[in-house]
Every structure is written in structure tokens, then in C-alpha cells.
Number of protein chains: 2
Amino acid sequence: MITEKIDKKNQMSFDFDGNSETQTAVEEPEEIVKADKKTARSNTNKTRVKTAAAATAESMAAKQRDISVSEFFAKNRHLLGFDNSRKALLTAVKEAVDNSLDACEEAHILPDVTVTIKQISEKKFTLIVRDNGPGIVDKQIPNIFAKLLYGSKFHSLKMSRGQQGIGISAAGMYGLLTTGEPVQIISRTDKRKKASHYHVQIDTSKNKPLVVLDEACDFELPTGTQVTITIEGKYQKGKQSVDDYIAQTAMANPHTTIIYNAPDGETHKYQRQIKKMPFIPVEIKPHPYGVELGLLYKMAGESNAKRLSAFLHQDFSRVSSRLAGEICKKAKLSANSRPVSLTIKEAELLHTAINETRIMAPPVNCIGPIGENELEQGMKRTVDAEFYAACTRRPTVYRGNPFLIEAAIAYGFKSEQDNGNDGSAKLTAGDPDKQPQMELKRFANRVPLLYQQGACAIYKANVETNWRNYGLSQSKGGLPMGSVILLVHIASVWVPFTSESKEAIAHYPEIIREIKLAIQECGRKLGMYLRRQRRIRQEMVKRGYIETYLPYIGEALQEILLLKDEQVKTVVSRLKDVLEKTRQI
Amino acid sequence: MITEKIDKKNQMSFDFDGNSETQTAVEEPEEIVKADKKTARSNTNKTRVKTAAAATAESMAAKQRDISVSEFFAKNRHLLGFDNSRKALLTAVKEAVDNSLDACEEAHILPDVTVTIKQISEKKFTLIVRDNGPGIVDKQIPNIFAKLLYGSKFHSLKMSRGQQGIGISAAGMYGLLTTGEPVQIISRTDKRKKASHYHVQIDTSKNKPLVVLDEACDFELPTGTQVTITIEGKYQKGKQSVDDYIAQTAMANPHTTIIYNAPDGETHKYQRQIKKMPFIPVEIKPHPYGVELGLLYKMAGESNAKRLSAFLHQDFSRVSSRLAGEICKKAKLSANSRPVSLTIKEAELLHTAINETRIMAPPVNCIGPIGENELEQGMKRTVDAEFYAACTRRPTVYRGNPFLIEAAIAYGFKSEQDNGNDGSAKLTAGDPDKQPQMELKRFANRVPLLYQQGACAIYKANVETNWRNYGLSQSKGGLPMGSVILLVHIASVWVPFTSESKEAIAHYPEIIREIKLAIQECGRKLGMYLRRQRRIRQEMVKRGYIETYLPYIGEALQEILLLKDEQVKTVVSRLKDVLEKTRQI
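All of the points below concern the structure found in this document.

### Some thoughts on the packing of aromatic side chains
- In total, this model carries 14 aromatic pairs over all chains according to the counting rule given.
- On the basis of an interplanar angle of 20° and a centroid distance of 4.7 Å, the ring pair of phenylalanine 82 of chain B and tyrosine 174 of chain B is categorised as stacked. One end of the pair, phenylalanine 82 of chain B, is in the loop between helix H4 (69-75) and helix H5 (85-106); the other, tyrosine 174 of chain B, is in helix H7 (residues 167-179), and 92 residues separate them in sequence.
- Since its relative accessible area comes to 1%, phenylalanine 82 of chain B is described here as buried.
- Taken together, a centroid distance of 5.9 Å and an interplanar angle of 65° make the contact between tyrosine 398 of chain B and phenylalanine 403 of chain B edge-to-face. The same class applies to tyrosine 398 of chain B as to phenylalanine 403 of chain B, namely buried.
- Taken together through their ring pairs, the aromatic side chains of Tyr398, Phe403 and Tyr508 of chain A make up a single cluster.
- One residue, lysine 75 of chain A, lies across the ring of tryptophan 494 of chain B, its end atom 3.8 Å from the ring centre.

### With respect to the sheet that holds strand E5 (residues 183-188) of chain B
All names here are of chain B.
- The sheet built from eight strands is open, its strands ordered E7-E6-E5-E8-E3-E2-E9-E10 with mixed pairing. Whereas interior strands pair on both sides, the edge strands pair on one side only; in this sheet they are strand E7 (208-217) and strand E10 (267-270). Here the average twist between neighbouring strands, direction ignored, is 15°.
- Sheet strands touched by H5: strand E2 (112-119), strand E3 (124-131) and strand E8 (224-232). Its angle to E3, the strand with the most contacts, is close to 10°.

### A look at the sheet that holds strand E5 (residues 183-188) of chain A
All names here are of chain A.
- The eight strands lie next to each other as E7-E6-E5-E8-E3-E2-E9-E10, forming an open sheet whose pairing is mixed. The open sheet has two edge strands, strand E7 (208-217) and strand E10 (267-270), and neither has a second partner. Each neighbouring strand pair of the sheet contributes to a mean axis angle of 15°, computed without reference to strand direction.
- Strand direction decides the pairing type here: strand E3 (residues 124-131) and strand E8 (residues 224-232), joined by eight bridges, are antiparallel. In the sheet register, lysine 124 faces E8, and the bridge partner there is glutamate 232.
- Running over the sheet, helix H5 (residues 85-106) touches strand E2 (112-119), E3 and E8 and is turned about 10° from E3.
- Where helix H7 (residues 167-179) meets the sheet, it contacts E3, E5, strand E6 (195-203) and E8, and its direction lies at approximately 40° from that of E8.

Reading the values: rules and limits
Residues numbered from 1 in each chain as written. Chains lettered and ligands numbered in written order. Predicted model: local features only at pLDDT ≥ 70, side-chain atom pairs only at ≥ 80, totals over all residues. Heavy atoms only, no water. Phe/Tyr/Trp six-rings, centres within 6.5 Å; stacked < 30°, edge-to-face > 60°. Helix = DSSP H or I, 4+ residues; strand = E, 2+ residues; numbered from the N terminus. Buried < 20%, exposed > 50% of the residue type's maximum accessible area, 1.4 Å probe, protein only. Lys NZ or Arg CZ within 6 Å of the ring centre and 35° of its normal. Pairing = 2+ DSSP bridges. Axes fitted to C-alpha atoms, helices over the stretch in contact; angles between N-to-C directions. Contact = heavy atoms within 4.5 Å.

It is worth stressing that arrangement in space is one thing and function is another; only the former is reported here.
Here's what the structure looks like:
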């Protein structure tokens, strides 16, 4: 039945642009059918023959082969954030800027970054990102810019923007794929030397760099790097635009000067607001709680330590010599046995012992928050609201990796139409369409996340938070309504993203729990504010009643009790006092 | 400011389990602080020293190195669907079953698959998947099961479940990481020979297989493969469970017998319902419209063709010799020039010419739908509803890859509490909380997608469809409400997933558009049904009025016109006929 249907369809040509809304299979005129058959004969016939023969284990084996990681990502380039031209431009800018900021901070240099985008033709853009970082040594340049899975950050546990050794090479690969142009790099590591100028491109079948040009050149900065990538892109302002990304980056990185020359000729300058380096992250060793059996076994096999207890002490964080001895004892293994000769059964005993031992949480100096104050200031710079609150949680751990969550909230924009709305459930539930949805701003290690909101742990934690408790209306499984901006920042030595394009945080339960707690903290503060606002309003209304009706009560009392005018005045005034005192604003 | 805060925090120990709800930083008692300092001294001091020294280009270069693809995925294992124990069990089953079904179909064998899950300890499960496929030749077994990015499907454009050469090796790697156990494979390719028995494990630092055991053994089937993986997992019934996955797989693959021995001792048997092979997909060449400049340039450089026109004709689908000549002419390039010597400038001319030439859409015999009838049958098997509809769209193309979309809808479950509700916007808008949300069932190449619904193009297309037009209530940006199940299937030679775990479809505009059209088609059918139902009900109500009030009208007429009883009866009866005729049911 199915096969019949297909064969019939196969006889027909079909609208390539797919605009046809016809649902039923209409037979095409005979002539077109013929043309179709004729043009496609060679291909179709070949494939037909293939179909007829069933595959065998041998024929299948003949086709099996290695897949280069570059081929893989070239085909799956949406995994890296290159789904469409607009997003491609943003992703390329993002990867270059992330690298620049990381390099500067690692060298303790306050970052000055210049981003220039030039439109070459309708769909072709050239993107130039220059930083005042330490520069890159010559022999590393080709690998860094034209080899996927190459870098310094993957093997270390340290808070940084880049982590995978994919991003900038992927942007270069996308440029090569869409425009054929190589990546151009100018880098200077020493003010006493000239800069190096490279043109490199990736060989996707081998995942290796190909150097097209290599010469010395001048560079206006004493040290620094400039990367130029030409790609097929699309420039469009608004949400999820390059402009949006740069603005949000400036917001979360007040120690950075960013000059952005947009393709439309405008220049946006974000001046440095804090003149000292922010928190400088340090590298840590893995925490024993986050290490699985298999990994523990592997680490033991590769350890330089001569004794089991030394292995535990040296290769993990928070394991003192005393604690290492205690773990060995609990596992009934000799502290003097050699780690390399550990069997899988012994590793299992060790693993169980580790998880039964109380070990201090990993050191928290490896991750740095933006800070409650700074977050509130950042919000105030961006939006003029009635109410602000922020919360920085203490660091905790998922899979042995320290992380911390921060949240900030801004409520009641002055510019919105529903200005003055107190956001109470009663008032807003009536016409939910008039209320805007909450705006969610997500950051990971100070990098704004603009795409895949729905897939993000931050989104999940937010929609699972009952905002009605805090005075906002919210439909089930949705974002709350109201003129509210919620900012959430995750800082970690290893941020678990849902894809290589680093757009959304994976749903680790520990992370979701912490995000919820941070959101709840902001929510409680907002709720208090909103309840107070509502009480004030209700009180105002009641006070109005008192003022309206008291004179009549006075008159009535005068008649009943035969009071003098003076007495009436006193009674009314005292009644008013008493009535108002029974309510507190 | 930030640094100060951190340093302070660093002096404190903190709840490892993170249960603390305290938001303000409370100083811990002096004793604990001391203990903390002492235990962590060695680590912390080391890292402190590191921080003090700023990195230079040289020190950074020293740390840069290759990252093996296995290391990458071991660290980012949530990308492969191993976020947590429950999902890990599901993903492992899914990868093994997908491989089994693909192998059987490729060899034109009706699949018999047995899935057995045994619980070894609280968190440890052994999973055994056996198929009657063609088996795997000895020398390929280690690579297929213990090397990432190795397979036969990546380099071909063909509709199949697996495509990346990652899945089953990743499941094995996760098993190794969490339990230390190797993957066990028994495979037999010839009934005259014994089967091969292998134990293999992946060396993650090199992404290479390590063979632990290799011997001959008996196997109860003439040909076939059995894979055994022991992993840390969690078995829990309900949505997104292994049970759910197996049931949905059976639904979309009626030509398959699946026997599932669940860990709780229950056996679920899904008998084959169609005794012939479904559509057998063929492999196609890339379509010229989907090839970007860089790829075109690369393909030309690697082509075996001697002439440019032959390259276009041989290496692409739907390019006849005549059309190849036309393209060369349009690009002002000689049809006889050698493809390998094409320059990037010439490639650009060729690329432009291709996109200005009308080329027939790719052959559609490479993808097979489940079929409208089969989809409706499948829905009927799963749910007892009032109304069903299905729609199979004609194939179209994204980035040169043919794909097609199918949708099916079931409305009004008999078992739901809001039985009899006609789903009209008026009736349901009143109490949206009482209505359930639409259930969305997503399939890609007949594989059910259970996770990351929010990130999926199918979800996006669905929430962007205005279901109010079709008589369902729907809040902005949400799923419609009502006892409705919507099934959407995408079949393609290359399904673009948002991550390697293949859980959601990427947001390609062409795909979203087609999904919307398929959904709209089902929606229109549902809308017609619902409007008809509503008319019937309204008519019933009106008929009730007529029957109630006609006798009184009769009496009134009798008085006014002085009619006899007989005449009244006739008038009333005729009035009734006339009134009813003016409305149509």
C-alpha cells in the first residue's frame, strides 16, 4: 500500500518551491511526466537498481568508515548556531567576541574590543573583531582558527566563556563553506616584534588547518589579535540581533569597552564602567562526588601518583591526605597500593566509599558572580522600572562541577501602556491578552543567550515557578504576564549547554533547583512589593469611603443623641482617627 | 567589590546538598572555618598562586591541545541524551533498537526485535537487544560499538533512523563510564558459521575501540546481532519511559515484531501487523540547490569527472547532460574545463548560475511516508476518539535534502472527563483549566521523539498555528486545549536534529512551513467536524424551542383566526415543517 502510493508520486513532478496548497494528489499533464522521467533517468535508474538488492553484512561493512568531526559539524552546522544567515552572523560575532574577552581576562588586561561588520554584497558580510589581548603565538594560530576541537579550555575546570575549542573554527568553516574565503588573522604577542598575518582555512575531510598566507605585518596595538571572517549572513536589528547581543554583553561585562561599527554605518560605543578587573577565575580539580565509576577507574590508570591515597589527594579537590586515608580504609583498599593497578571491582569499592564519605564542597573561588548590586545597576541602566530586586545564590555543585545562580528582576516599566497596573492576579486575569509576557534575559558566564529559550533550564525553572504566589498572573506551563524583566545568570567552571552552539542550559536537576530558588527569592521580594502596593490602593479606596460617609453618620448621631454641632465635629474627627488606625498601610 | 565578596564566601564551608534556603551570607562558627582552611589548603593555595600570574601568549599556547571527540562527548554527554539515569536507559534502548531496525530493513528482512532489560542493582541495569538482521562482519564490530563518528550512513543521503555513527558507541561509552562494563556483542552473518562474541570498550582519549574478548559462540538465530550494555539507569513507567518509546515505535512500524521484557518482569508483545516490507528507501545524490559555494568548490576539487558538465551531471541529482551544459553556458564557463582546476571565483559564477536555473526537485522515491491510512489506523489503535483525520504532504526540499511531513489528529477521547464537550471556543474559553492540553506525538523517520518538545520545529509550527480557527481554544504562544492528540512525522534523507541525541527537529523555515501546512490540513478537517457538531447541537436546542412553543402559538392562532381544532393541528404541523426546513443540519 505504501509502496504503491510512493511509486505513483514518483511519476509526478512537483512544485519545487512547494507553494502548492493542494492536498490531494492531482495527476500532472502527460508531457511534464515525460520530461521528468527523461531528465532524471540516469539518477533514478541507478538508485532503483541499488534498491532491488538487499544489503548483506559484507556490503554494509564495505560502506562503513570514519567521519571527520569537521564533516560532521559542516553537515550539522545548526548544532553550532549556523541554522540561517541572520543567526550565522550573530554566532560568528559571538564566538569572536567571547574569545577576545577570555584572552584579555586570562592575561589580566582590561578588554578593549572593536567589532566591525561591513556589508560586501546582499548576502555577504565581512566581520572584523579586534582585541588588546596578549596575542596568539604563531604556531597555534592555524589550529585555533581552522581545527575543530582544539583549545586550552576543554581539559580544565575553570569559569570561561569558551570551553569546547569549536566556536571560532566553526565560524571560519561556515565562512569558507558559504563564501570560499579563508579566515584572516593578525596577531601580535610582543610590542618589540612585528605582528603575524595569516590566512587559514579548514580541510573538513581531515579536520586540519591549511595555511594560505603567512607573513609579517604592522599592527596598531602593542599586543592583540584581530580576526576577519567573510560569511553569508543577514543583518536585521531587533531581538536576537548582533546589536542586541553586543548591548547585553556590555551590560554583563561593565569592565569592558566595546566599540561596535554596525553594517548600517552607525557606531555604538559602550564605555568601560568599572576600571578594575572583575573576579579572576582559577582552575580547580574535579570534585570526587562528580566522578563516575568509569572515569574514576580511568583517572587512576592515568595518574602520576604512586600510592592510592596520593592519587585521591592530588587528583581531586577537597581530599586531604587524612580524608584520602579514610576513604581507602572505608573501601578496604590499601592506601599504598598503586593506582594504575586498580581493578574495576576495586574502583567500584572506592567509588562507593567516596560517596559514603562526607567531603567538603568544591572551593568556590573558582567561580565569580556578577553580584547583586551590579545586577541591579545593570537592570537600572537598561530599563526604567518601578521596582528592582536581585539575588546571588551561594555556589553549589552538579556532577562535581561548582556553579552558582544569580537572578534579578525589574517590574513595571514606565514606558508600557499598562503603566500603573499593580499586577495583582485579580486585575490582570480579566484580560490576559493586554498584558505583555515576562521578558527573560539569560546569561552563562557573562555571555547572553539569545536563542532556544524554550529548551533552556532557565525557562523551565521559570515556568515551573508559581508566579501567582508573587502577584503575577500566569497560565499553566507558560511565562507569567506583566511588564517584568527577569535576568538569570549561571556561572560555572563547566556550563552544560544543550548543544555546541551554547544557546540553552541542559536540564540538570541541581541547576534547575538553584535557578528556582534564586527566582523565588526575587519573586518573594516582588510579591511583597505588589501586596504593599495593593494594600495602599485598597486603603485609599476605604479612606475615600470614610471621608464620604462620616458627615452623614455625624448628622445621624446628632439626631439620635441630640448632640451640639461642636460635639458632632469632635465625634466625627475621633471616629475617623479610630477607623484609620484599625488599618495599617 | 566582587572579589571581596568571593573571598569572604571562600572562607566559609557550605551545605554540600545545598538544601539551605538562607539567602544572606551567615558567618559559620570559627571551628568549621579552620577545618575548611586546613583540609583544602594544598589545593586552594596552588590555585591561588596560579591566579596571581597573568597568562601570556606563550603560557596559553602551552596549554592548547587536541580534544578527542570521545572526550568531548563524554564530558558533554547530555548532548547525546545521557542527562540523567532515566533518560540514559531510554537513550541506550533507542539507539540499539534504531540500529536493529535499520539493519533489518537494509537487508530486506522483516524485523523481529527482542528488548530485555534486567535490573542488576538499585541503579544498575543490563539491556539486551537482539535482532534477526544480517549481522555484522567481525572486523567492523569494534569500530561500530566503540568508536564515535564511525558508520555507513553519514556519507549517504538516504532515509534511515541512524545517521551520525555516534549513538550505539555513545551508549556503550556511557555504560563504561558509569559501570565499568564493556559492551558485549554476539553477531552471526552466516548460518553455516558460528557467531562471533566480542567484548569491546572505547578508549576515550583516542576515540578508539579496545577489544577485551573475541571468541566464537553459538547463537539461536541463523543471522542477527545481539548487543548487551550494562549502564547506570533508572526505570520508571509513564511518559518518556522505555515502555512509552517501545509502544510508539510499534505504532509507527507496523511491519515489526517487538518483544519487550520490562525490568518489572512484564512482557509486552507487539505482533507484526503488516507482513510486507514497508517502502525501501534509496540513496540519492545531493541536489544542486542545497549546495553552498564552499561545498560546490570542494566537490569540484574532489570529483572524478574530467569535464565540468560531467561533474554537474554525475555528482548531483536532477542535472541532465543538457541542463549541465546550460548551467555552464549561463556561468560563462567552458563545459570542457576540468572541475579540479575550478577557481573560487569560477565556483561563485557556477553557484549563481545553478541558482538561476530551474532544476527539478530531487527524486521523491528516496523518502517514504507512513501513509494517511496507516496513520489513521495507528491513531485508532492507540486512542478511542470521536474523530480522526490525517494528511501526508508531498515531498519538498530544505538545503537540497528531500523531506516530507505527515500529520494525523484524533479528537474527543471517550475516556476523558470533559467527554461530550464540542471544543468550541465559546464553551471552553470559560474554564481553560479544566481542559487538558493537546498531546503532541512527534516522529522522525518512524522514530518517536520523546524529549525536548519545546525546542522542536514541530512544537513551534504547532503553537504558531491558530487553532481557534479550527474551533479549539488556545492561549497565545501555547498548545491548544482540548482532548486532542496531534501526531506529526517527518521523513527525510537527513533529518536536522537540534542535538546529537536526536530529540528535536531544528527550526529550518522550509520544514516549519510544511509542518504548518500539514497541521492546517488536519485542523481544517477538525474544524469542519466541530462546526457541524455545534450546528447539530444548536439545531437540537432550537428544535426544542419549536416543540415547546408551537402548541401555544397554535392556541393563539385559534383565538385570533377562530380556527377549528383540526385546522390548528394542520397549521401547527406545517409550521413545524417549515421552521425546521429553514435550518439544515
